[in-house]
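Residues per chain are reported as follows:
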Amino acid sequence: MNNPASRTARAAGLTAGAAVVALLATACGGGSGSAASSAPKNFSYLSVTENTTVKTALGTLAKDACKTQEKALPLKVETVPQAGLDQKLQLLAGQDALPVQFAAGNAPALTQQLFKSGKVADLEKELKKLGVLDQLEPAAVSTIKALYGGKVEVLPYEYNIEGIFYNKKLFAENDIAVPATWDELVAAAAKLESRKVQPFSASGQQGWPITRLVSTYLYRSLGPDALQKVADGKAKLTDPEYVKAAQEIADLGEKGYFGKGVGSIDYDTAMNQFLGGKAGMFYMGSWALANIADPKQNKVGAENVGFMPFPAVEGGKGAIDQYPSNVGLGIGLGAKTFDEKTGDWVSCIAKNYGSTALKDHGTISGFKVNTPVEDSTEVTTQVRDTISASKQNVLWFEALFSTKATTVSQTNAAGLATGSMSPQEYMQTVQDALAAQ
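The following refers to the structure shown. (Residues numbered from 1 in each chain as written. Predicted model: local features only at pLDDT ≥ 70, side-chain atom pairs only at ≥ 80, totals over all residues. Heavy atoms only, no water.)

## A short note on the pairing of strand E1 (residues 43-48)
Working note: regular strand, side chains alternate between the two faces of the sheet. To keep it simple, the criterion reads: Each residue's exposure class comes from its accessible area (1.4 Å probe, protein chains only) as a fraction of the maximum for that residue type: buried when under 20%, exposed when over 50%, partly exposed otherwise. By definition, any uninterrupted DSSP run of H or I lasting at least four residues is a helix, any uninterrupted run of E lasting at least two residues is a strand, and each is numbered from the N terminus. Should DSSP find at least two bridges between two strands, the strands are taken to pair.
With six of its six residues buried, E1 lies for the most part within the structure. Residues Phe43, Tyr45 and Ser47 of E1 are buried on one face, and the alternating residues Ser44, Leu46 and Val48, pointing to the opposite face, are buried as well. Sheet analysis places E1 next to strand E2 (residues 75-80), joined by six bridges and oriented parallel. Bridge pairing links Ser47 to Thr79 in E2. Bridge count for E1 against strand E3 (residues 101-103) is two bridges, and the pairing is parallel. When the bridges of E3 are listed, Tyr45 appears paired with Gln101.

## A few points about the sheet that holds strand E9 (residues 331-333)
Counted only if it meets this: Angles here are taken between N-to-C directions and fall from 0 to 180 degrees, while the axes themselves are lines fitted to C-alpha atoms, restricted in helices to the stretch in contact. When checking whether two residues touch, look at their non-hydrogen atoms; a contact exists if any pair is within 4.5 Å.
The four strands lie next to each other as E2-E1-E3-E9, forming an open sheet whose pairing is mixed. Here the strands that pair on one side only, and so sit at the sheet edges, are E2 and E9. On average, adjacent strands in this sheet sit at an angle of 20° to one another, irrespective of strand direction. Packing of helix H3 (residues 53-63) onto the sheet brings it into contact with E1, E2 and E3, and relative to E2 it is tilted by some 170°. Strands E1, E2 and E3 of the sheet are contacted by helix H5 (residues 85-94), whose axis makes an angle of about 150° with E1.

## So, the packing of helix H11 (residues 208-222) against helix H13 (residues 240-254)
Applicable threshold: Roughly parallel means an angle under 35 degrees; roughly antiparallel means over 145; roughly perpendicular covers 65 to 115; every other angle is labelled oblique. Each crossing gets its hand from how the near helix is turned against the far one by less than a right angle, where anticlockwise is left-handed and clockwise is right-handed.
The N-to-C vectors of H11 and H13 enclose an angle of 130°; their axes lie 9 Å apart at closest approach. When the axis of H11 is compared with that of H13, the two are oblique. Judged by the twist between their axes, the crossing of H11 over H13 is right-handed. Along the contact surface, H11 presents Ile210, Leu213, Val214, Tyr217, Leu218 and Leu222, while H13 presents Glu241, Tyr242, Lys244, Ala245, Ala246, Glu248 and Ile249.

This is the structure:
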């Protein structure tokens, strides 16, 4: 999740929906296919070219903690560019030739269709049988079920939560306590602004760092089902209580709290603003921990970076410990090839992957860390503790949107932050895109 371009493409692809399902239906029209149903000869894994962490970590396990499983069923990795992943999965599914393990489709709709057709293993059932379901962090399970219709259809080789990173030194110098409510956050921003410190760093060019603020305000004010109601047609983004969320974020921009030129600021520049000490706060996901731990990028020092949840909205139905989250590109397993040897591999992964990924790559997964690992920074420990304690998580603004609505939402976000588009206009534009899907 360290590549913002990949992240944005992934978020946009999460609900490709009808087109993907239609293609899959065509590909899978032959039913179960004619391929032989013999046990797998390899622990075959189809990965995306852009993500090297998972395959590298699996290779490490094959040489160490899972060497017995590797001897019985050798790891074999194949890669495909992420843009071509869905097509590749459709082709393999149509041939009844899915690998043992594979990066799930960019859209949950694709994996759900594979699951319904019996081609993807029911991982909640399989992990229970293996006795390792408890090796998944409850927060990761909650996120997976939210994305995949209440089912555990993928493994969380990545897990990210989102919140507000803040400059502890700037907060201390300006006598600012960590805000617990939205009003306190706005007051903190006002104080920073009065002291000639930019309150927030954000990328208007990418758009999603702005829309994430809108959705998290919605979750705090209306509750964790706020955007599910929109997806189900029970509410509209143009309803007054939804427009209010956009208005609150627009007000931050009107007061200059995002700094000058936020509409043209890209992801890397926003990151550098915060790590260079030029902004007091930065709403971002935990993938930023790698940047924070890098002294070449982080000029304020990792010891001066803290993490706080998006604050509570007074009278709101949401809880401060409901963190927006994602599992990156989840990993599915073929139902046909889930035999005893595959189960042995999965058990070993469940017990050891979390520690390996954290130790060797500094990345947080949705697996528990069973071998003590010294975190690279204090804020990494804080985020890990937060993940372990979190029981219910929420998604993000575009998670349940169509591809078209996602694009409309993100490309117009800068206008919301700069005032060139009113909150009413913004929410109407996105709602119209949703209605057209």
